[in-house]
Amino acid sequence: MKQPLLSIIIPTHNRRAQVLETLRALAAQSWPMAKAEVIVVADACEDDTVEQVRAYGPGAPFRLLVLAHSARSAARTRNYGVQHASSPTLLFLDDDVIPCRDLVRAHVQAQRDTNVVLGYSKPMVPARASWFQRDARRWWEDTYREIGRSGHRFTYRDFFSGNVSMPTSLFRQLEGFDETITGRLEDYELGVRLLKAGARFVFEPAALGFHHDYTDLEKWLLRIRMEGVADIQIGQRHPELRSQLFGHFETLHGRWTRLLRDAAFISPM
């Protein structure tokens, strides 16, 4: 096989059925997938994900590489996949984002004119969705509607790692995701460094994937707590962003906002 034009990195953890569905959707892409390599990185999987994905490989229309480690870290898992990538362009795709037929083609075409292509991960909910899941879907849809608006000024909070592509050289130049960020938001932190490096963000709605994230309220609250810690860590690494911390608390002004920020940075846990 010649050097691939695209490396698709898929991190996964105990989601055998979902990652196989994602691979089948990649096999049905309108773009010639013989020009791509797909790298699945199983992180601390306790099911038979590795065996099942490897068994799928011989019949796939693309080169499939399966890696496994026990990092229990999304940042380290994606970085590990990139270490084995051999193409000039990276596409990060989460294992619960099922790509539509033109997702890969849309990323490749948009990469001709830009550095970072943000795909559209359309949120899907169960047939009997809870109020919380419906509200989460509205938040995601509102977010994508905003970044797709003409004249939108992109920030690091627009960088989502579940459906995004960029030049491999740019990712490696920035040394990838920060593995010292605990919990979550390692994608936001990379977004900060990408923008500082002069990368241009563009939203490509045709790079459509269906995001099957069925997180319940308990897991979401835990996720929010982890993101709060990560926000502090991002502020520690990029002090110029500290003034934005807790900016959504509209009832807090002046001295109280400053005190809240100071207390958070003193004791982020």
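Everything discussed here concerns the structure shown above.
These numbers come from a predicted model, not from an experiment.

Undergrad: Would you mind showing me how to read the pattern of salt bridges here?
TA: Tallied over the full model, the rule gives 14 salt bridges. We note a salt bridge from Glu146 to Arg149, for which the minimum N-O separation is 2.6 Å. For Arg149, a relative accessible area of 43% translates into the label partly exposed. Through salt bridges with shared partners, one network takes in Arg15, Asp95 and Asp96.

Undergrad: How should I be thinking about the nonpolar core in this particular structure?
TA: A general feature of soluble globular proteins is that nonpolar side chains tend to end up buried together. By size, the foremost hydrophobic cluster in this structure holds 63 residues, and its most contacted members are Ile8, Leu23, Leu26, Val116, Phe159 and Leu194. Considering every element that reaches this core, the biggest residue donor is strand β2 (residues 36–43), with six residues. Aside from chain neighbours lying at most four places away, what touches Leu194 is Val116, Phe159, Met166, Leu170, Leu174, Ala199 and Phe201.

Undergrad: Could you clarify how one ought to interpret unusual backbone geometry in this entry?
TA: When glycine is set aside, most residues are seen to have a negative phi, and most peptide bonds are trans. For Ala44, which is not a glycine, the phi torsion comes out positive at approximately 55°. Take Ala44: it is sitting in the loop between β2 and α2 (49–56). In this structure Ala44 comes out as buried when scored by relative accessible area, which is 7%. Although it is not a glycine, Glu175 adopts a positive phi angle of roughly 65°. When you line up the elements, Glu175 lands in the loop between α6 (168–173) and α7 (186–196).

Undergrad: Looking at this structure, how should I read α2?
TA: Side chains three or four residues apart in an α-helix point the same way, a direct result of the helix having 3.6 residues per turn. Every buried residue belonging to α2 is among Thr49, Val50 and Val53, and all of these are buried. Taken around the axis of α2, the buried residues stretch over an arc of 95°, which confines them to a single face. For α2, the exposed residues set more than 90 degrees away from the buried face come down to Glu51 and Ala55. The inward-facing, buried residues of α2 abut β1 (6–12), α1 (16–27), β2 and β3 (63–69).

Undergrad: How do you make sense of the environment of Asp43 when you look at a structure like this?
TA: Of note, Asp43 is situated in strand β2. The class for Asp43 is buried, based on a relative accessible area of 7%. Note: C-alpha distance between Asp43 and Ala68 (25 residues apart in sequence) is 6.0 Å. In this structure Asp43 touches Thr12, His13, His69, Ser70, Ala71, Arg72, Ser73 and Thr77, once residues within four positions along its chain are discounted.

Undergrad: Looking at this structure, how should I read the pairing of β3?
TA: The side chains of a regular strand alternate, first on one face of the sheet and then on the other. Two elements, β2 and β3, share seven bridges in a ladder whose sense is parallel. Residue pairing in the sheet places Glu37 in a bridge with Arg63 of β3.

Undergrad: When you look at the sheet that holds strand β7 (residues 163–167) in this model, what are you seeing that I'm missing?
TA: The strands making up a sheet associate through backbone hydrogen bonding, with each pair oriented either parallel or antiparallel. One open sheet holds the eight strands; their spatial order is β3-β2-β1-β4-β7-β6-β8-β5, and the pairing between them is mixed. The open sheet has two free edges, formed respectively by β3 and β5 (97–99), since each of these has just one partner strand. Averaged over all pairs of adjacent strands, the angle between their axes in this sheet comes to 30°, without regard to strand direction. In this structure, β1 lies alongside strand β4 (residues 89–93), joined through three bridges in parallel fashion. When the bridges of β4 are listed, Ile9 appears paired with Phe92.

Rules of the game
- Residues numbered from 1 in each chain as written.
- Predicted model: local features only at pLDDT ≥ 70, side-chain atom pairs only at ≥ 80, totals over all residues.
- Heavy atoms only, no water.
- Salt bridge = Lys/Arg side-chain N within 4 Å of Asp/Glu carboxyl O.
- Buried < 20%, exposed > 50% of the residue type's maximum accessible area, 1.4 Å probe, protein only.
- Core = buried A, V, L, I, M, F, W, Y, C linked by side-chain atoms within 4.5 Å.
- Helix = DSSP H or I, 4+ residues; strand = E, 2+ residues; numbered from the N terminus.
- Contact = heavy atoms within 4.5 Å.
- Arc of directions from axis to C-beta.
- Pairing = 2+ DSSP bridges.
- Axes fitted to C-alpha atoms, helices over the stretch in contact; angles between N-to-C directions.

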